[in-house]
Amino acid sequence: MQWLLQQLSPEILSALRNMTTSLLAGGAIFTALALVPGVACNPGKPWWRNRGLATDGCYLALNAILATYLSTAVAIALALTLTLFLPAVEIIRLLQGNGLFARFPLAAQCALYLAISDFLLYWIHRGFHRKILWPFHAIHHASEDLDWTSGYRMHPINLALSAHLVPLLMLYLGIPLEVIILLAPLDTAVGYFVHSNLNWTLGPLRYVIATPVFHRWHHTRSNQGGAANFAPTFAIWDVLFGTFFMPAGALPARYGIDDHAFPPRFTRQLVYPFEELLRLIGLRKRLPPVEGSTL
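Engineer: I keep staring at the packing of aromatic side chains and nothing clicks. Help me out?
Structural biologist: Remark: the centre distance and the inter-plane angle together describe each pair of aromatic rings, the angle taken between the planes. Using the criterion set out here, one finds 19 aromatic pairs in the structure. Here the aromatic rings of Y59 and F266 are separated by 4.8 Å at their centres, their planes lie at 85 degrees, and the arrangement is edge-to-face. On the criterion of sequence distance, the pair formed by Y59 in helix α2 (residues 53-82) and F266 in helix α12 (residues 266-280) is long-range, its members being 207 residues apart. In this structure, Y59 and F266 share a single accessibility class: buried. Ring geometry for W148 and Y192: centres 5.2 Å apart, planes at 55 degrees, overall tilted. Of this pair, W148 sits in the loop between α5 (134-141) and α6 (156-160) while Y192 is found in helix α8 (residues 177-195), placing the two residues 44 residues apart along the sequence. On the basis of relative accessible area, W148 is assigned to the buried category, the value being 9%. Among the residues examined, Y192 registers a relative accessible area of 2% and is labelled buried. Ring pairs connect the aromatic residues F30, W47, W48, W148, Y152, Y192, F193 and W200, which therefore count as one cluster.

Okay, here's the thing in structure tokens:
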């Protein structure tokens, strides 16, 4: 066990440092950019006036802070479980990259990780828009005022089956842990970028890279653009699979979901998906949301 902790501890501490730096820097950068005249996608709506800011803050605390330690604990538990089936040398080889991708130089491994992981996340994201998984993802789409703080509004199950699952899959495909840790701040930066209140489309690059306008259309109602633009980073997946939506000369203005019974309180939102699943299989009737505090 000691050798395992020695292998994981530097990577874990590095991830925590990178996340903290990304959190502070990203918030400052995209706040400043949105204040530049003519740059905001929805002028007059800075993030500190967000109607769901308190709820975003609760999810930030849960997912950016608590979930980091929980995912670390899970990673250690999984690694300890592997020691029951694999010798120590095999686990070390797995963490260092073992398989087809291990033969490539670091730059190529990073490029492969970005492309393949984004492809997987595209299809996982589409899956969360299906009936069974939608209640977990609806929490992210419930933001009526969209800004960089909205990126943290994710149910833990949604995160577990997407942002946390894909790096593990990539690890087993042979991508070294070093590459995953190295690119972790980029994932955070992309989340800030696509949710930020900016009117950027990047011209012809709109068909390759996910932009703020691209993703903000995804957060509109389902009949306006909410059933399109699933790619987290590379819009090319939406182009290839027919889900790209960016009408020329138009900007999204209204966000949220169609479910008027969606609970406003943070604690109720955490159990809402499970209640909806029980309702879908006929074991529970929908109860009206309790108004009041966002907690």
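Engineer: It is not clear to me how the pattern of salt bridges should be interpreted in this structure. Could you clarify?
Structural biologist: Oppositely charged side chains can form a pair if their charged atoms are brought close together. In total, this model carries five salt bridges according to the counting rule given. Between D56 and R153 there is a salt bridge, with its nearest N and O atoms 2.8 Å apart. Here D56, found in helix α2, pairs with R153, found in the loop between α5 and α6; they are 97 residues apart in sequence, far enough to count as distant. On the basis of relative accessible area, D56 is assigned to the buried category, the value being 1%. Assessed through its relative accessible area of 5%, R153 is described here as buried. Ionic pairing is found between R279 and E276, a salt bridge with its closest N-O pair at 2.9 Å.

The rules behind the values
- Residues numbered from 1 in each chain as written.
- Predicted model: local features only at pLDDT ≥ 70, side-chain atom pairs only at ≥ 80, totals over all residues.
- Heavy atoms only, no water.
- Phe/Tyr/Trp six-rings, centres within 6.5 Å; stacked < 30°, edge-to-face > 60°.
- Helix = DSSP H or I, 4+ residues; strand = E, 2+ residues; numbered from the N terminus.
- Buried < 20%, exposed > 50% of the residue type's maximum accessible area, 1.4 Å probe, protein only.
- Salt bridge = Lys/Arg side-chain N within 4 Å of Asp/Glu carboxyl O.

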